[in-house]
Structure formats: structure tokens, C-alpha cells
Amino acid sequence: MSQPKTEDFKPFNVELWKYDGHAGALIPLLQSAQNTYGYVSEKAIDHISHITGIPAAEIYGVVTFYAQFRTKPLGKNVVKICNGTACHVNGAKTVYDTVQDELQITYDETTDDGNFSLLSVACLGCCSLAPVITVNGETHGRLDSAKTRKVIREEKRRAGAVSKAVEE
Ligand code: FES
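Residues numbered from 1 in each chain as written. Predicted model: local features only at pLDDT ≥ 70, side-chain atom pairs only at ≥ 80, totals over all residues.

**Quick word on the environment of Ala56**
Item 1. You can see Ala56 is positioned in helix 4 (residues 56–65).
Item 2. For Ala56, a count of 14 C-beta atoms within 10 Å translates into the label partly exposed.
Item 3. Separated by 13 residues in the primary sequence, Ala56 and Lys43 place their C-alpha atoms 10.0 Å from one another.
Item 4. Once residues lying within four places of it in the same chain are set aside, the contact partners of Ala56 are Ile45, Asp46 and Ser49. (Helix = DSSP H or I, 4+ residues; strand = E, 2+ residues; numbered from the N terminus. Buried ≥ 20, exposed ≤ 12 C-beta atoms within 10 Å, placed from the backbone. Contact = placed C-beta atoms within 7 Å.)

Here it is in C-alpha cells:
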């Protein structure tokens, strides 16, 4: 297999330049790759391996060990459900059940059409609106099942994922 070209990885090469050979420095490199591309691809792993001399299999082991890293790209739309304490006690489970019913995916999954990914987060920083979700960074609060369904259906409609028959 040919080595990935360095110019393909410019955005996170900045972090690679800072690499000092310490094992702990691998995590910031992987975070940088994920922040740049949305996930840690095989190409990125090969590139990091090439630069650092750490075997790709070892890097892959680190990526799969830490829950913070993804090995697949996120969907076009990202739904985050807050599972912090305030949201938990105010109905995050009901919100999750509704989102799960609408999208047919669970946490850390992406719909088959690539339109939606679902993530769980600890606290979105707006606890007074609990329970809260964000869709592509936009906050929706004080949700119950009906409101959640409305939000997700609107996003599905925008994504073209709802058939005409359902809209009518
Ligand atoms: S606990 Fe959900 S926003 Fe803080």
C-alpha cells in the first residue's frame, strides 16, 4: 500500500510537527485528526504511524480503546442528547426513546443513508432548559416526546429523509 501524501494532511500536520516522541503525545495527535476530519480514518492512522514510527496496529488499538475516538465519519446531521444530571432527571430517557424511534439508531451510530448520527453528551451547559438536545449545534430545550419528535421530523424533512407521503 502506498504511503499517504503529506499534503493530504495539512490541517493536523501542525500537531505532528510538535510530536516529541512521548507515548502520551499520541492522544493529541489523534484528537487533532478527529477534530479535522470528524473521525480517525485509516489514512490518518497510516500517516501518524509514518511520522511517529509507532506501528499502525498499535495506534488503531489506542483509537479503539478510547471512547472519545470514532473510526467512522459522522452523518451530515449530528444529534446530541444531553445525559447530564439535570437532563437525566427531567426526561432524557424519553427524549432518547423518541429520537431512537425516529432515526432507528442508538448512540454512536449513523443512519444507513448517512444523514444522521446520534451522540450522548454529559452536559450541554444549559441545564435550566433540561432536557436538552442539539442538532448541528442548535439547542432545543424543555423537550417532551411530542416536541422531540417535531424537532427530529423537521430535521428529517430538511435532510430529505421524509417521504412526501409522510409529510402530507
Ligand atoms: S445536564 Fe443537560 S444541559 Fe446540563
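So that's the structure; there's more coming.
**Examining the packing of helix 3 (residues 42–52) against helix 4**
Item 1. Closest axis-to-axis distance for the helix 3/helix 4 pair is 9 Å, and the angle between their directions is 125°. In terms of orientation, helix 3 and helix 4 fall into the oblique class. Handedness of the crossing formed by helix 3 with helix 4: right-handed. Contacts between helix 3 and helix 4 involve Ile45, Asp46, Ile48 and Ser49 from the first element and Ala56, Ile59, Tyr60 and Val63 from the second. (Axes fitted to C-alpha atoms, helices over the stretch in contact; angles between N-to-C directions. Parallel < 35°, antiparallel > 145°, perpendicular 65-115°, else oblique. Left-handed = near helix turned anticlockwise from the far one by under 90°.)

**Comments concerning the sheet that holds strand 4 (residues 133–135)**
Item 1. Taking strand neighbours across the sheet as the criterion, the five strands line up as 2-3-1-4-5 in an open arrangement whose pairing is mixed. Edge positions in the sheet fall to strand 2 (109–110) and strand 5 (138–140), since each has one partner strand and no second.
Item 2. Of the pairings in the sheet, the one linking strand 1 (residues 77–82) to strand 3 (residues 116–121) comprises six bridges and is parallel in character. Residue pairing for strand 3: Asn77 is matched across the bridge by Phe116.
Item 3. Against the sheet, helix 6 (residues 92–103) touches strand 1, strand 3 and strand 4, its axis set at about 155° to strand 1. (Pairing = 2+ DSSP bridges.)

**Details of the nonpolar core**
Item 1. Residues Ile81, Cys82, Val95, Val99 and Ile133 are the most contacted members of the largest nonpolar core, which totals 18 residues.
Item 2. At the level of elements, strand 1, helix 6, strand 3 and helix 7 (145–158) are the ones that each hand at least two residues to this core.
Item 3. If you look at the next biggest cluster of nonpolar residues, it comprises nine residues, including Leu30, Ala33, Ala44 and Ile59. (Core = buried A, V, L, I, M, F, W, Y, C linked by C-beta atoms within 7 Å.)

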